[in-house]
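# Coordinate analysis (summary)
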Amino acid sequence: MKFITVKTYDELSILAADIIAEVVKTKKNAVLGLATGSSPVGAYKKLAEYNAKGELDFSSVTSVNLDEYEGLDGSNDQSYRYFMNENLFKNINIDVNKTYVPNGCASDLVEEGKNYDALIENLGGIDIQLLGIGLDGHIGFNEPDDVFTKETHPVELDPSTIEANARFFESIDDVPTRAITMGMGGIMSAKKVLLIANGAAKKDIVEKAFNGPITPKVPASILQLHPDVTVIFSEN
Ligand code: GLP
């Protein structure tokens, strides 16, 4: 594992964008595993800058996102589909028909999970998976549990996740309590993993995830078993 500590969020964002850009440049028809949350916003801005300058071409890229809230469709400004459209897809020359986010409005989320895993497999797997980390150690929406779940699956969100994500909603009561997330199988089968975490609040959980025991109680700790992980932590 490669662990990089930087001082600022801007440094983290440039480094992360450059690692993703390298995959887009070197892998024909690259498949990017993308994430939401506040952490990737800076990297997405940088990628859009590179694209605007003509340095990076997304026309043959496909993307698969990690997760989506249950019951929110792409027109809802709190959905992860909406977030991705606003923060990245509309700012780069990606074909929006080749951008995938699990459908949180599917009538059967277990079935949706199966279809999503089949899609990832048909794409030939993920070339690089970008991840943030929740304060409870979740990746995607894989919450602390007794087991690691392999498949894309519906989840009950942890009260601490609902509280942490309430800042994006008008009130905590508006935060969905359920979601669908890529499982550990999809994440761990990515050829490369890039986890970004910024700020003092994330320091302890990053320490636990990468220097503590591998346990489903700290979901990100499974990444210790992945052969190609880069972690970028910024102190501010
Ligand atoms: C959400 C997402 C995660 C993300 C996490 C951390 O819960 N489902 O994929 O990593 O938030 O978000 P932030 O980067 O805002 O701290």
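So, a few notes on the structure that sits alongside this text. As the structure is a prediction and not an experimental result, all values here were calculated from the model.

## Focus on a nonpolar patch on the surface
On the surface, a cluster of nonpolar side chains totalling about 260 Å² of accessible area is made up of Phe148, Ile214 and Leu225. Mapping Ile214 onto the fold places it in the loop between helix H7 (203-211) and strand S10 (229-234).

## A word on the layout of surface pockets
Estimated volume of the largest pocket: approximately 610 Å³. In this structure, the largest pocket is lined by 34 residues; those nearest its centre are Gly37, Ser38, Asn165, Arg167 and Phe168. Secondary structure elements with two or more residues in the lining of the largest pocket: strand S4 (67-69), helix H3 (80-87) and helix H5 (159-165). Ranked by residues supplied to the lining of the largest pocket, first place goes to H5 with four residues. The residue makeup of the lining of the largest pocket, split by class, is 15 nonpolar, 14 polar and five charged. Here the second largest pocket defines a volume of roughly 190 Å³. Lining the second largest pocket are Asp117, Ala118, Ile120, Glu121, Gly125, Lys150, Glu151, Gly185, Gly186 and Ser189. Counting only elements with at least two residues in the lining of the second largest pocket, the list comes to helix H4 (109-122) and helix H6 (184-188).

## Observations concerning the pattern of salt bridges
Inspection of every chain in the model, using the stated rule, returns nine salt bridges. The partner of Glu49 in a salt bridge is Lys46, with the nearest N and O atoms 3.9 Å apart. Taken together, the positions of Glu49 and Lys46, both in helix H2 (residues 41-52) and three residues apart, correspond to about one turn of that helix. Through salt bridges with shared partners, a single network forms among Lys27, Asp127 and Lys191.

How each quantity is defined
- Residues numbered from 1 in each chain as written.
- Predicted model: local features only at pLDDT ≥ 70, side-chain atom pairs only at ≥ 80, totals over all residues.
- Heavy atoms only, no water.
- Patch = residues over 30% accessible without salt bridge, like charges linked within 9 Å, V, L, I, M, F, W, Y side chains within 5 Å.
- Areas by Shrake-Rupley, 256 points an atom, 1.4 Å probe, with all protein chains shown as cover.
- Salt bridge = Lys/Arg side-chain N within 4 Å of Asp/Glu carboxyl O.
- Helix = DSSP H or I, 4+ residues; strand = E, 2+ residues; numbered from the N terminus.
- 1 Å grid on protein atoms, 1.4 Å probe; cavity = no way out; pocket = protein on both sides within 12 Å on 5 of 7 lines; lining within 4 Å.
- Points joined across faces, edges and corners; volume = space filled by probe spheres on them.
- Nonpolar A, V, L, I, M, F, W, Y, C, P; charged D, E, K, R; others polar.

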